[in-house]
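# Residue-level structural notes
One-letter residues, chain by chain:
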Amino acid sequence: NWSSKRLHDDDFDEVLRRAKENGVEKIIISGTNLGQIERAIALCREHPGVLYCTVGVHPSQSFEFGEPLVRGAGLEEPVTVAKPPRNLPNDHPLDAAAVDERIEYLVALIEEHRDVVLAVGEVGLDYAELAYTPKPLQHAMFERQFELAERTKLPLFLHSRDCGMDFVEVLRRNRHRFSKGVVHSFNGSREELEALLEMGVSIGLNMSAFRTRETAELCLGQVPKEHLMLETDAPWCDARKDNHGFPFIKTKFPTRKKDKFIRGQC
């Protein structure tokens, strides 16, 4: 369900069935916005021991910190990724009391559900979303969410896209505020990678790192095994036929386009 438009029939149970049949015993649902975080926690309760989640607000959703807090989406209502009006100004105001209330509520969610919440995230910077969430707003809310890791002692699940060393500088400035972290879906530069590894941050690789030979060789050549994490970021970072890594894939699944959906297939 994306932007309130249903793309195909709900096949969530089929996804879990396929995962189990292929040896995937546990899945982490990444936090995006408050509504989806609450829904993720509810799903974890529906599938104990299989589903886990993270709690944090994605940089593209930073604007929600200035909105009135509405609790308890749960499983009853469909949750979509809300998008703010386009071209918010760089000086878009956020009410300090509203931001504080959101931070406190996120901390409370983590503490109440420590058995299923594994990390703080997905937090970071995403300059591909500047048409919706300007840099100053992303930076401000990234900085504030280090407080979640600081207070709960959970590791960070980090997001960096098209922001170069800006992300690294924020992380360096706040390195003392968290114990461990992983930058997921990494496909950045050598300079970024070396800086992250120097800080002891782990690197999450999915198919986006294998779009080109250059990035693939960089990641596979530089990341020590103890700091390497493999992920799918499903359904976003899928393998595409023009990717450098595509010919190396041996496992294939019956797959259909969304407008030709057949239940039981991807």
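Residues numbered from 1 in each chain as written. Predicted model: local features only at pLDDT ≥ 70, side-chain atom pairs only at ≥ 80, totals over all residues. Heavy atoms only, no water.

## Considerations on the packing of helix α2 (residues 34-46) against helix α3 (residues 96-112)
Short version of the rule: Angles here are taken between N-to-C directions and fall from 0 to 180 degrees, while the axes themselves are lines fitted to C-alpha atoms, restricted in helices to the stretch in contact. Numbered from the N terminus, helices here are DSSP runs of H or I no shorter than four residues, and strands are runs of E no shorter than two. Relative orientations are named as follows: roughly parallel for angles under 35 degrees, roughly antiparallel for angles over 145 degrees, roughly perpendicular for angles from 65 to 115 degrees, and oblique for any other angle. Here a residue-residue contact requires only that any non-hydrogen atoms of the pair lie within 4.5 Å. Side-chain classes are defined by residue name, with Ala, Val, Leu, Ile, Met, Phe, Trp, Tyr, Cys and Pro counting as nonpolar, Asp, Glu, Lys and Arg as charged, and the others, Gly among them, as polar.
Packing of α2 against α3 leaves a shortest axis separation of 12 Å and a crossing angle of 10 degrees. Comparing their axes, α3 and α2 come out roughly parallel. Judged by residue contacts, Leu34, Ile37, Glu38, Ile41 and Arg45 of α2 engage Arg102, Tyr105, Leu106, Leu109 and Glu112 from α3. Residues that form the contact of α2 with α3 fall into these classes: six nonpolar, no polar and four charged.

## A short note on the environment of glycine 31
The topology assignment puts glycine 31 in the loop between β1 (27-29) and α2. Linking glycine 31 and valine 123, residues 92 residues apart in sequence, is a C-alpha distance of 8.8 Å. Beyond its immediate chain neighbours, meaning those up to four positions away, glycine 31 contacts Ile37, Thr54, Gly56, Gly121 and Glu122.

## A look at the side chain of threonine 215
Within the secondary structure, threonine 215 sits in helix α7 (residues 213-222). With residues up to four places along the chain from it excluded, the contact list for threonine 215 reads Asn187 and Ala209.

## Observations concerning unusual backbone geometry
Residue glutamate 122 is bonded to the preceding glycine 121 through a cis peptide linkage, with omega at 25 degrees. Along the chain, glutamate 122 falls in strand β3 (residues 117-126). Cis geometry marks the peptide bond from alanine 234 to proline 235; its omega dihedral reads 5 degrees. Following the sequence through the fold, proline 235 ends up in the segment after β7 (228-230). Unlike most non-glycine residues, aspartate 162 shows phi in positive territory, near 55 degrees. Considering the arrangement of structural elements, one finds aspartate 162 in the loop between β4 (156-161) and α5 (164-173). In the Ramachandran plot, aspartate 233 falls in the positive-phi region, its phi being about 55 degrees despite a non-glycine side chain.

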